[in-house]
Amino acid sequence: MEEHQLSRSFRTLTRLHRGIVTNYLEIYGLYPGQPRLLFIIDENAGITLSRLVQLSDQTKEAVSVSIRRLEEKGYILRVRNPLDQRERFLYLSVKGKETADIIHAEFHRINDAMFEPLNSSEKEVLMGMFERMTIRLDAFN
């Protein structure tokens, strides 16, 4: 099998997965990338924007835009630091927490469906391949 066929198959799989996720997120008015921010804030209540940028591996500008949109939609709350009025802490609102939990469960359902045809040894082999490919692309970068 030629590498371009493997690459095409991989792109098809990732495009299909992304399409399913994107369509699902539209129900909540969210974009890909925003759920990850919700999950990080959920796990780190009171996180600052600068720390969120570090944990998300996104640019400060992209995170700032997403946070503004998430706040406008009522998913997150910004609370001023009483000791430093320039700094704000980020929290999920009740709506944000409920939505993050629902989306997290749906992501698991989607991924379970994707990997269901594979047995445990095939999953281990695939994981090893993903790790090797990731290492190679990290070195390439």
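Residues numbered from 1 in each chain as written. Predicted model: local features only at pLDDT ≥ 70, side-chain atom pairs only at ≥ 80, totals over all residues. Heavy atoms only, no water.

(A) Fine view of the sheet that holds strand E3 (residues 84–92). Reading across from one edge, E1-E3-E2 is the order of the three strands in this open sheet, with antiparallel pairing throughout. The strands lining the two open edges of the sheet, one partner per strand, are strand E1 (47–48) and strand E2 (76–81). Pairing of E2 with E3 involves six bridges; the strand directions are antiparallel. Its bridge partner lying in E3, Leu 77 is registered against Tyr 91. Along the sheet, helix H2 (residues 34–43) makes contact with E1, E2 and E3, crossing E3 at roughly 105°. (Pairing = 2+ DSSP bridges. Helix = DSSP H or I, 4+ residues; strand = E, 2+ residues; numbered from the N terminus. Contact = heavy atoms within 4.5 Å. Axes fitted to C-alpha atoms, helices over the stretch in contact; angles between N-to-C directions.)

(B) Broad picture of the environment of Glu 122. As for its placement among the helices and strands, Glu 122 is situated in helix H6 (residues 120–140). Sequence separation between Glu 122 and Ile 40 is 82 residues, and the spatial gap between their C-alpha atoms is 30 Å.

(C) The arrangement of the packing of aromatic side chains in detail. As enumerated under the stated definition, the model contains two aromatic pairs in all. When the ring of Phe 39 is compared with that of Phe 107, the centres are 6.1 Å apart and the planes differ by 85°; the resulting orientation is edge-to-face. Pair noted here: Phe 39 is in helix H2 and Phe 107 is in helix H5 (residues 94–115), with a separation of 68 residues, a long-range link. According to the relative accessible area criterion, Phe 39 is buried, its value standing at 16%. (Phe/Tyr/Trp six-rings, centres within 6.5 Å; stacked < 30°, edge-to-face > 60°. Buried < 20%, exposed > 50% of the residue type's maximum accessible area, 1.4 Å probe, protein only.)

(D) Molecular detail of the nonpolar core. Ranked by size, the top nonpolar core spans 23 residues in total, and within it Leu 38, Ile 41, Leu 52, Ile 67, Leu 70 and Ile 76 carry the most contacts. Counting only elements with at least two residues in this core, the list comes to helix H1 (3–26), H2, helix H3 (49–56), helix H4 (60–72), E3 and H5. At five residues, the largest contribution of residues to this core is made by H2. In this structure, Ile 41 is in contact with Ile 47, Leu 52, Ile 67, Ile 76, Leu 90, Tyr 91 and Leu 92, ignoring residues within four places of it in sequence. (Core = buried A, V, L, I, M, F, W, Y, C linked by side-chain atoms within 4.5 Å.)

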